[in-house]
Structure formats: C-alpha cells, structure tokens
Amino acid sequence: LRGEEVPLTSGEQLRDFLYVEDVARCLCNLLVSTCSGTFNISSGEEIKLKDIAGTIGSLTDRSELLKFNAIPNRANEPKKIVGINAKIQNSLDFFPKVGLTEGLQRTLEWWKNNV
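Bear in mind that the values here come from a model prediction, so they are computed numbers and not experimental data. (Residues numbered from 1 in each chain as written. Predicted model: local features only at pLDDT ≥ 70, side-chain atom pairs only at ≥ 80, totals over all residues. Heavy atoms only, no water.)

**As for the pattern of salt bridges**
Stated formally: We define a salt bridge as a contact between a side-chain nitrogen of Lys or Arg and a carboxyl oxygen of Asp or Glu at a distance within 4 Å. Exposure classes here rest on a 1.4 Å probe applied to the protein chains alone. A residue is buried below 20% of its type maximum, exposed above 50%, and partly exposed in between. The numbering of helices and of strands both runs from the N terminus, where a helix is a DSSP run of H or I of at least 4 residues and a strand a run of E of at least 2.
Going through the model one piece at a time under the given rule, you end up with 10 salt bridges. Of the charged contacts, one joins R74 and E77 as a salt bridge, the two residues approaching to 4.0 Å between their closest N and O atoms. For R74, a relative accessible area of 60% gives the class exposed. Between K112 and E109 there is a salt bridge; the shortest N-O distance is 3.6 Å. You can see K112 and its partner E109 sitting in helix α4 (residues 100-114), 3 residues apart, about one turn around the helix.

**Notes on a nonpolar patch on the surface**
The condition that has to hold: Think of a patch as exposed residues, more than 30% relative accessible area, with no salt bridge, where like charges cluster within 9 Å and nonpolar side chains (Val, Leu, Ile, Met, Phe, Trp, Tyr) cluster within 5 Å. Shrake-Rupley sampling with a 1.4 Å probe provides the accessible areas, and residues are treated as covered by the protein chains on show and by no other component.
A surface patch of nonpolar side chains, about 490 Å² in accessible area, is lined by L1, W110, W111 and V115. Under the relative-accessibility criterion, L1 is labelled exposed at 54%.

**What about the sheet that holds strand β5 (residues 80-81)?**
To summarise the sheet geometry, strands pair through backbone hydrogen bonds and adopt either a parallel or an antiparallel arrangement. Cut-off, in case you're wondering: Pairing between strands is defined by DSSP: at least two bridges between them are needed.
The strand order across the open sheet built from 3 strands is β3-β2-β5, with neighbouring strands paired in mixed fashion. Since the sheet does not close on itself, it has two edges, and those belong to β3 (47-48) and β5, each with one partner. Alignment of strand β2 (residues 14-15) against β5, held across 2 bridges, turns out to be parallel. In the sheet register, L14 faces β5, and the bridge partner there is K80.

**Let's talk about the side chain of N85**
We count it as follows: Nitrogen and oxygen atoms within 3.5 Å of one another constitute a polar contact, given that in protein one can donate a hydrogen and the other can accept it, and given that sequence-neighbouring residues count only through two side-chain atoms. It only takes one pair of heavy atoms within 4.5 Å for two residues to be counted as in contact.
Looking at the secondary structure, you find N85 in the loop between β5 and α3 (86-92). There is a polar contact of 2.8 Å between the side chain of N85 and the backbone oxygen of S42. With residues near it in sequence (within four places) discarded, N85 still touches N40, S42, S43 and G44.

**Here's the deal with α4**
To keep things clear, this is the line we draw: To estimate the expected span of a helix, count its residues, drop one, and scale the result by 1.5 Å. Here the arc refers to the directions that run from the helix axis out to each C-beta atom.
Given a rise of 1.5 Å per residue, 15 residues ought to cover 21 Å, and the 21 Å separating the end C-alpha atoms of α4 matches this to within 8%. For α4, the set of buried residues is G103, L104 and L108. Relative to the axis of α4, the buried residues are bounded by an arc of 135° and lie together on one face. Looking at the buried residues of α4, the elements they touch are α2 (49-60).

**A closer look at the layout of surface pockets**
How we decide: With a 1 Å grid laid over protein atoms only, a set of points is called a cavity when a 1.4 Å probe fits there but cannot get out and a pocket when it is open yet has protein on both sides within 12 Å along at least five of seven lines; lining residues have an atom within 4 Å of a point. Grid points are joined across faces, edges and corners, and a volume is the space filled by probe spheres set on the points. Think of it as three bins: nonpolar holds Ala, Val, Leu, Ile, Met, Phe, Trp, Tyr, Cys and Pro, charged holds Asp, Glu, Lys and Arg, and polar takes everything else, Gly as well.
Each pocket or cavity is described by its volume, and for the largest pocket that value is around 820 Å³. V6, L8, A53, I56 and L66 are, among the 31 residues lining the largest pocket, the residues nearest its centre. For the lining of the largest pocket, the secondary structure elements donating two or more residues are β1 (6-7), α2 and α4. In terms of residue count, α2 provides more of the lining of the largest pocket than any other element does, 7 residues in total. Residues that form the lining of the largest pocket fall into these classes: 16 nonpolar, 7 polar and 8 charged. Estimates place the volume of the second largest pocket at around 300 Å³. Around the second largest pocket, the lining comprises 15 residues; the ones closest to its centre are F17, L18, Y19, G99 and L100. Considered class by class, the residues forming the lining of the second largest pocket number 9 nonpolar, 4 polar and 2 charged.

In structure tokens, the structure reads:
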C-alpha cells in the first residue's frame, strides 16, 4: 500500500487461511454447543504463500513490487501447515462464509482506512 518493494521467500510454503469473522463465528458456535474436545478451526484448504501475495498484488495493482526469492526460505520452516477441519464440519456443520479473495479485499480496505 505504501508503494515499496516487498522482499519475499520463494512463496512455495503451503498454508491454511480463514477469515477472522469465520474464526469468530466458529468459536461462538463451539461455545454454545455441547461439543467437547479439540477442534481445528481452519479452512482445511492449502494455498501457496506465493498465491496469497499474488492476489494481494493484483488487488492493489502493485504486483511488480513483489520480489520472490529475494530472501531465503527459513531452514526450519515447515513446508505445509494446513488444518484438518472435518470435526468442526461434522459437529457444527461449520463452513467458511468468506472466501480468500473477499477476505483479502476486506483486510486491504481495513488497512487503507485505519493506517
């Protein structure tokens, strides 16, 4: 948003993202349910960090500022961190309402208006 280059790793790491309103809704549903145990509150979908950055670059019309491979991947960083959310889907009939692109758009708008 400031027009500065963004040094990035390869972006090949796989992660799981869930919009904060979906996280809050899931937590509230758990609190009022009779469910017990451990739950992975996650989308259950993997996406490359490179794709997240690319979407942000497209949404801001600043893709040229993304500098992949400008910094090395961390040696001890897991390649993949993705939740298995079958338990919340089955127990609470929970499914995310806000998709990744919409969540990124909302987040960018918040940053534009609050920073």
